[in-house]
Amino acid sequence: MSGAIDRLRAWSVELEGSTRPVALIRIGVASLILVRYADEVAMFRTVSPIGVALCVLFFVATLAMLVGLRTRAAVAATSLVLVTMYFVFGPTPGVHGWNHHHSYVLMVSTLLLNLMPCGTSYSVDRVLALRRAERQGLLPPAERGSLWAQRLFALQLMAIYFWTAVDKSDWAFVSGQRLEQTMVWVYSNRPLDWLLTAPWFTVPASTAVLAVEYFLAVGLLVRRLQPFAIPMGVMLHLTFYVLLPVTTYSASMVLLYLAALDPDAVHRFIDRLQGHHGATADPHRL
Amino acid sequence: MGRARIARRLAFCAIAAFVLLAPMFPHVFNIHGKLLRPWMMYSDVGVGLLKGDFRIVEAGSTRNVAPLELMGLERYPRLRHYRFEQRVLRDGDLGRIAATYCATMPAGARLSFDGAVGTRGGWRPLKADDLCGSAHVGRD
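All of these numbers come straight from a predicted model, not from anything done at the bench.

1. Some words on the overall build of chain B
In terms of regular secondary structure, chain B is built from 4 helices and 5 strands. Sequence-ordered secondary structure for chain B, helices as α and strands as β, is α-α-β-β-α-α-β-β-β. Overall, the C-alpha framework of chain B stretches about 90 × 30 × 20 Å when taken along its three principal axes. Of all 140 residues assigned to chain B, the portion counted as buried reaches 26%. Intrachain contacts of chain B at a sequence separation of at least 6 include 45% that bridge at least 24 residues.

2. Thoughts on the overall build of chain A
The number of helices and strands found in chain A is 14 helices and 2 strands. Overall size of chain A, expressed as C-alpha extent along the three principal axes, is 70 × 55 × 40 Å. A fraction of 70% describes how many contacts in chain A between residues 6 or more apart in sequence connect residues 24 or more apart.

3. Focus on the pairing of strand E4 (residues 122-129) of chain B
A regular strand places its side chains on the two faces of the sheet in alternate fashion. Residues and elements named next belong to chain B. Where strand E3 (residues 110-119) lies against E4, 7 bridges are found, and the strand directions are antiparallel. Bridged to Asp 114 within E4 is Lys 127. Hairpin geometry of E3 and E4 is characterised by an intervening segment of 2 residues between the two adjacent antiparallel strands.

4. Observations concerning the environment of A:Leu54
Relative to the elements of secondary structure, A:Leu54 occurs in helix H3 (residues 49-67). In the structure, A:Leu54 is positioned 13 residues away from A:Val41 in sequence and 7.1 Å away in space, judged by C-alpha atoms.

5. A few points about the pairing of E3(B)
Taken together, the 8 bridges between strand E1 (residues 50-58) of chain B and E3(B) define a ladder with antiparallel strand orientation. Bridge pairing in E3(B) places B:Lys51 opposite B:Ala116.

6. Side note on helix H4 (residues 93-102) of chain B
Residue and element names in this part refer to chain B. Among the residues of H4, Leu 94, Gly 95, Ile 97 and Ala 98 are the ones counted as buried. In a view along the axis of H4, the buried residues occupy a sector of 160°, so they form one face of it. Projecting away from the buried face of H4 at angles above 90 degrees are the exposed residues Ala 99 and Thr 100.

7. Things to note about the confidence of the model for chain B
All names here are of chain B. With 91% of its residues at a pLDDT of at least 70, chain B reaches an overall mean of 86. Averaged pLDDT values over the elements of chain B bottom out at 55 in strand E5 (residues 136-139) and peak at 94 in helix H2 (residues 24-28). Across the interface, the model reports ipTM at 0.89; the global pTM reads 0.90.

8. Section: the interface of chain A and chain B
The partner chain B presents 34 residues to the 29 residues of chain A that form the contact. Among the elements of the structure, helix H5 (101-113), helix H7 (150-168) and helix H9 (177-187) of chain A are those that each provide at least two residues to the side of chain A that touches chain B. Examining the composition of the side of chain A that touches chain B, we find that 9 residues originate from one element, H7(A), more than from any other. Broken down by class, the residue content of the side of chain A that touches chain B amounts to 14 nonpolar, 12 polar and 3 charged.

9. A closer look at the environment of A:Met107
Residues and elements named next belong to chain A. Tracing the sequence through the fold places Met 107 in helix H5. For Met 107, a count of 24 C-beta atoms within 10 Å gives the class buried. Here the alpha-carbon distance between Met 107 and Arg 132, two residues 25 residues apart in the chain, equals 33 Å. For Met 107, the residues in contact, after removing those within four places along its chain, are Leu 82, Val 83 and Tyr 86.

10. Quick notes on the packing of H7(A) against helix H11 (residues 199-219) of chain A
Residues and elements named next belong to chain A. Contact geometry for H7 and H11: axes closest at 8 Å, N-to-C directions at 145°. Handedness of the H7/H11 crossing: left-handed. Of the residues in H11, those touching H7 at Met 158, Tyr 161, Phe 162, Thr 164, Ala 165 and Lys 168 are Leu 210, Glu 213, Tyr 214, Leu 216 and Ala 217. Counted by class, the contact of H7 with H11 contains 8 nonpolar, 1 polar and 2 charged residues.

Thresholds, definitions, all that
- Every chain is numbered on its own, with residues counted from 1 as its sequence reads.
- Chains carry letters and ligands carry numbers; both start at the beginning, A for chains and 1 for ligands, and go up in the order they are written.
- Totals for whole chains, interfaces and linings use every residue, but because this is a predicted model, local features are given only for residues with pLDDT of at least 70 and side-chain atom pairs only at 80 or more, for both listing and counting.
- Starting at the N terminus, helices and strands are each numbered in turn, a helix being any DSSP run of H or I of at least four residues and a strand any DSSP run of E of at least two.
- Residue burial is a threshold on neighbouring C-beta atoms within 10 Å of the residue's own C-beta, all placed from the backbone, with 20 or more meaning buried, 12 or fewer meaning exposed, and counts in between meaning partly exposed.
- With C-beta atoms placed from the backbone, a contact is any residue pair whose C-beta atoms sit within 7 Å.
- One requirement defines pairing of two strands: DSSP has to find at least two bridges between them.
- Here the arc refers to the set of directions running from the helix axis out to each C-beta atom.
- The predictor's confidence in any single residue is recorded as pLDDT, a number from 0 to 100.
- When residues are sorted by character, Ala, Val, Leu, Ile, Met, Phe, Trp, Tyr, Cys and Pro go into the nonpolar class, Asp, Glu, Lys and Arg into the charged class, and all the rest, Gly among them, into the polar class.
- To obtain an axis, a line is fitted to C-alpha atoms, over the contacting stretch when the element is a helix, and the angle between two such axes runs from 0 to 180 degrees between their N-to-C directions.
- Put simply, a crossing is left-handed when the front helix is turned counterclockwise from the back one by less than a right angle, and right-handed when it is turned clockwise.

Here you go:
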């Protein structure tokens, strides 16, 4: 029993390791925020002084978060912007999608990044830290840190898959009717109308989606199941991305899979990708 | 154990509990709030859409018209919120949707609908006779 609790602690609150995965999540989330909102908050859209302030803060904070310049402050400022957009502007008439689930995923991801050293790798902050170390004749700062909050991303994924599967666990969904309704809306009078609204597509597709979502709720968190869960999850979200207007949702979810992996394994994989092997490995070189 | 460590553990447990259990309120207890987000992707998309055909009987001839054609739409609008006026959510909506089309029909022509309407519980049968006159709408 105590062994299981120790393993759980090591997996969650005591997790330490490479900061590369959270840095990649930071870069990915910042990119998705820009993709999702930049066009809607850009200066040419503004009609009020509040809009101008939102535009300036949005671009300064998100771009600084993207490149990792004063990362902590940048992530905090981006969080403030996204929380305001979600809770204040999201429910106002004429603003569409700012309080949808894909916006929530971006907001929560940014909020969680405040709890992690996501500027220690792949950032302007790291370049500056390396220069400082070089000037002082010190070793390069390690790309390691306390990642106690990283698994909260994984739990967020688990919650999304589980509760969305609960919502689909009824006859209306399993029988393909709800998917057919969605496809009627999206595909009526489009070339694949006949295929995507047919029961022989909607019934197996609905059942498969439900089964995969329940499996992902557990499979992404269990290391032995990850080799099956991750490709299945990627395929599921690719299918959503191609068939339905999901905006940044699919890409955000797949990006957050990084948080369920062993951070040191991700670090070693990147080393191998860049040609650093065994004795030649130099994880601190830029 | 240091204070920082205790604070981290408490914070982790609190956030994890919120992330995992907060959706239970809207999903299980039907309690909604700004912080209690349900995970219901695409759950309302298609609610209020019609499946079936409108039938027009005039001067001894009969022809069918698809719902989109009757609404004068080529496709359903590409909206982020998936809400638009021509959905059938309550009694009277079908007649309201048909009203514009009725104005173009010759006197004496009858417009009826036989099909189903999309709901959260799936397709529900929907029939209506003489939509341009005193419509009788029947739902099962």
